[in-house]
Amino acid sequence: MEMNNSKELHLDWNFASQGFLQNWSDQMAKFQCKCGAILSNSRALNDVELIVYTDIEWDDVINSGDLIDPVTIQSPRYDVWRCNECERIYVFEENVVIKTYAVEGDT
Ligand SMILES: [Zn+2]
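About the cut-offs
- Residues numbered from 1 in each chain as written.
- Predicted model: local features only at pLDDT ≥ 70, side-chain atom pairs only at ≥ 80, totals over all residues.
- Helix = DSSP H or I, 4+ residues; strand = E, 2+ residues; numbered from the N terminus.
- Buried ≥ 20, exposed ≤ 12 C-beta atoms within 10 Å, placed from the backbone.
- Contact = placed C-beta atoms within 7 Å.
- pLDDT = per-residue confidence, 0-100.
- Pairing = 2+ DSSP bridges.

1. Some remarks on the overall build of the protein chain
Counting secondary structure elements, the protein chain contains two helices and seven strands. Written out in order from the N terminus, the α and β elements of the protein chain read α-β-β-β-β-α-β-β-β. Counting only residues that meet the buried cut, the protein chain has 10% of its 107 residues in that class. The long-range fraction of contacts in the protein chain, counting pairs at least 24 apart against all pairs at least 6 apart in sequence, stands at 39%.

2. Things to note about the confidence of the model for the protein chain
With 72% of its residues at a pLDDT of at least 70, the protein chain reaches an overall mean of 77. Within the protein chain, helix 1 (residues 2-16) has the poorest average pLDDT of any element, 42, and strand 5 (residues 79-82) the best, 93. Low pLDDT, under 50, characterises residues 1-17; the stretch is placed with nine contacts to residues that sit more than four places away or in other chains.

3. Observations regarding the environment of Thr 72
Structurally, Thr 72 is set in the loop between helix 2 (55-62) and strand 5. Separated by eleven residues in sequence, Thr 72 and Val 61 place their C-alpha atoms 9.6 Å apart.

4. Brief notes about the pairing of strand 6 (residues 89-93)
Of the strand pairs in this sheet, strand 5 and strand 6 are connected by four bridges, and their pairing is antiparallel. The partner of Trp 81 across the bridge, within strand 6, is Tyr 90. In this structure, the hairpin formed by strand 5 and strand 6 is closed by a connection of six residues, where Glu 87 is found at a positive phi of approximately 65°. Counting the residues in the hairpin turn of strand 6 and strand 7 (residues 96-101) gives two residues, including Glu 94, whose phi is positive at 55°.

5. A short note on unusual backbone geometry
At Glu 87, a residue that is not glycine, the phi angle is positive and equals roughly 65°. Relative to the helices and strands, Glu 87 is located in the loop between strand 5 and strand 6. If you check the backbone angles, Asn 95 has positive phi at about 70° while not being a glycine. Structurally, the position occupied by Asn 95 is in the loop between strand 6 and strand 7. For Asn 95, a count of 15 C-beta atoms within 10 Å gives the class partly exposed.

This is how it looks when you write it as structure tokens:
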């Protein structure tokens, strides 16, 4: 069983380099940027994931009660990652890249 799982993960990694997040587990994933850098959120705190809410979504969060438990704050609608090498921004939905933003002039 263990062997099969690790083989699947390996196959997923090949897939990941073509625009998909690879999930190692519920908590961790990695992704290859178009510039070649490997982005990972495997560290508990990282500079890759951006926590992005619209003003309206955040307003709902801060108005949800007088005492807000950070654990219960709903996750942002999209996963947003930033490459620290080229500053491209990737927006994921269901682990698939739906938008890529690159700094102007950076081709
Ligand atoms: Zn990059």
